[in-house]
Amino acid sequence: MTSGFDELSLAVFTTLAPGGVIAFICMALALLKPGIDEQEETKLNRYLAIPIAVALIGFIASATHLGTPANALHVFSGIGRSPLSNEVLSAVAFLFLAGSYWMMAFKERFPKPLARIWIAAAVAAGILFIAMTSLAYSVNTVPTWNTVFTPVNLVFSALFAGPVLSLFAMACADFDSRGAGIALVALAAIALVAGSAALFMHEATLSGIANNEITAAQLVPEYLATIWAHVAIGSAGIACAAASLKKTVSRRGVFALRLVACLLVFAAVFATRADFYFLHMTVGF
C-alpha cells in the first residue's frame, strides 16, 4: 500500500481532464448545430480555449506522476496492451485534434465542411479518452479499484462537471441559448445523482475487501462523509448553475454564478477522486 498523497496528481488529472473534455464536447455540439450564425460560431470557437485549457492542466498534472519526461517513452511502448498506454494515446489524440482545430478556427479561409469534420474527430477522440481513462483502473491486484463502480463514477463525474464548465465558457462567449442551458443543467444534475449512487454502492462494498493487513473500509474511514459532502457541494453548484438561467439575472451575474458553480462542482469531484486514490490497496499487502 502507498499513501494516497502520492497519487494526488492523478486525482487532479481525473477531476479536470474528463470534465474539460466533456465541456469541449458540449460546446462542439453547439457549434455543429444547424443554423448557428457566424458571430455565435466565432465566439464559441474563441472560448473553446477554456475547456481545452482545463483538460490540458489535468494532463500536465498526470505527467508529473511519471517522475521524468523520459518515462513517457515507456508509456507509449505499451499501446494496445496496456490500459495506461491506451489512455495516454487517447489523451494525446484529443489534445492534438482539439488544439489544432482551435488554432485553425481563427483562419479566415477555414472551409466549413473541413471544420466540421475536424471538430467531429476531436469529439470522437474525447469520447475515446473518457472510455480509456475509465478502464485504466481495472487492475486485478488492486481490488478496491477493480470494481464496476470505478468506470461508472469516472464517467458520471465527467458528465457532472463538464456541462457546468461548458455553461461558464458559453457565458464568456455571450452565447445565449436557454434551451441549451436547461439541457446542460439537467444533464449535470442527473449525473450528480447517478454518480453519487455509484459512490454510495462502492463505499458499501469496502468492508468486504481486505488483504493481510487491513480492510478497505479502514483505509479511508471518512469516505462516507466525503460522499455526502460531494452531494451537498455538488448540489450547491447545480443550484448556482440553474440560478444563472433566470431571465432576471444580469450578464455579470450569470458570469459570477457560473464561475462559482464551476468551482463547487470541481471541488465536489476532487474530494471523492482524492479518496479514491487513498483507497489504493493491493491483494497481498
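Just above, that's the structure.
Residues numbered from 1 in each chain as written. Predicted model: local features only at pLDDT ≥ 70, side-chain atom pairs only at ≥ 80, totals over all residues. Heavy atoms only, no water.

### A few points about the overall build of the protein chain
Moving on, step 1. Broken down by element type, the protein chain carries 11 helices and zero strands.
Moving on, step 2. In the protein chain, the order of α-helices and β-strands from amino to carboxyl end is α-α-α-α-α-α-α-α-α-α-α.
Moving on, step 3. Computed over the C-alpha atoms, the radius of gyration of the protein chain is 19 Å, within 12% of the 19 Å expected from 2.2 N^0.38 for a compact globule of 285 residues.
Moving on, step 4. Principal-axis analysis of the C-alpha atoms places the extent of the protein chain at approximately 65 × 45 × 25 Å.
Moving on, step 5. The 285 residues of the protein chain split such that 47% are buried.
Moving on, step 6. When contacts within the protein chain are restricted to residue pairs at least 6 apart in sequence, long-range pairs at least 24 apart make up 82% of them.
Moving on, step 7. Total accessible area on the protein chain is roughly 13100 Å²; 70% of this is exposed by carbon and sulfur atoms.
Moving on, step 8. For the protein chain, the distance from the average site of its 15 positive side-chain charges to the average site of its 14 negative ones is 14 Å. (Helix = DSSP H or I, 4+ residues; strand = E, 2+ residues; numbered from the N terminus. Rg over C-alpha atoms; globule rule 2.2 N^0.38 Å. Buried < 20%, exposed > 50% of the residue type's maximum accessible area, 1.4 Å probe, protein only. Contact = heavy atoms within 4.5 Å. Areas by Shrake-Rupley, 256 points an atom, 1.4 Å probe, with all protein chains shown as cover. Lys, Arg positive; Asp, Glu negative; His and termini not counted. Charge placed at Lys NZ, Arg CZ, Asp CG, Glu CD.)

### What about the nonpolar core?
Most often, soluble globular proteins keep nonpolar side chains buried together rather than apart.
Moving on, step 1. Counting 78 residues, the largest nonpolar core has Phe24, Leu44, Phe59, Phe94, Tyr101, Phe129 and Phe160 as its most contacted members.
Moving on, step 2. Where this core is concerned, the elements lending two or more residues are α1 (8–31), α3 (49–64), α5 (83–104), α6 (112–135), α7 (149–172), α8 (178–205), α10 (223–243) and α11 (251–278).
Moving on, step 3. The greatest single-element share of this core, amounting to 15 residues, is contributed by α1.
Moving on, step 4. Those residues in contact with Phe24 that sit more than four places away from it in its chain are Leu48, Pro51, Ile52, Phe94, Ala98, Ile119, Ala122 and Val123. (Core = buried A, V, L, I, M, F, W, Y, C linked by side-chain atoms within 4.5 Å.)

### Side note on α10
An α-helical turn contains 3.6 residues, so a residue and the one three or four places further along point in the same direction.
Moving on, step 1. In this model, α10 (21 residues) spans 30 Å end to end at C-alpha, consistent with the 30 Å of a helix rising 1.5 Å per residue.
Moving on, step 2. The set of residues buried in α10 consists of Tyr223, Thr226, Ile227, His230, Gly234, Gly237, Ile238, Cys240 and Ala241. All buried residues of α10 project into a common sector of 155 degrees when viewed along the axis, lining one side. Opposite the buried face of α10, by more than 90 degrees, sit the exposed residues Ala225 and Trp228.
Moving on, step 3. Residues of α10 that are buried in the fold lie against α7, α8 and α11. (Expected span 1.5 Å × (residues − 1). Arc of directions from axis to C-beta.)

### Quick notes on the side chain of Thr14
Moving on, step 1. Mapped onto the elements, Thr14 comes out in helix α1.
Moving on, step 2. We classify Thr14 as buried; its relative accessible area is 2%.
Moving on, step 3. Here Arg273 takes part through its side chain, which lies 3.0 Å from a polar atom of the side chain of Thr14.
Moving on, step 4. With residues near it in sequence (within four places) discarded, Thr14 still touches Thr133, Tyr137, Leu154, Arg273 and Tyr277. (Polar contact = N/O pair within 3.5 Å; in protein donor to acceptor, adjacent residues only side chain to side chain.)

### Structural notes on α1
Moving on, step 1. Its 24 residues place the ends of α1 34 Å apart at the C-alpha level, agreeing with the 34 Å of an ideal helix rising 1.5 Å per residue.
Moving on, step 2. Counted residue by residue, α1 has 21 buried out of 24 residues, so it is predominantly covered.

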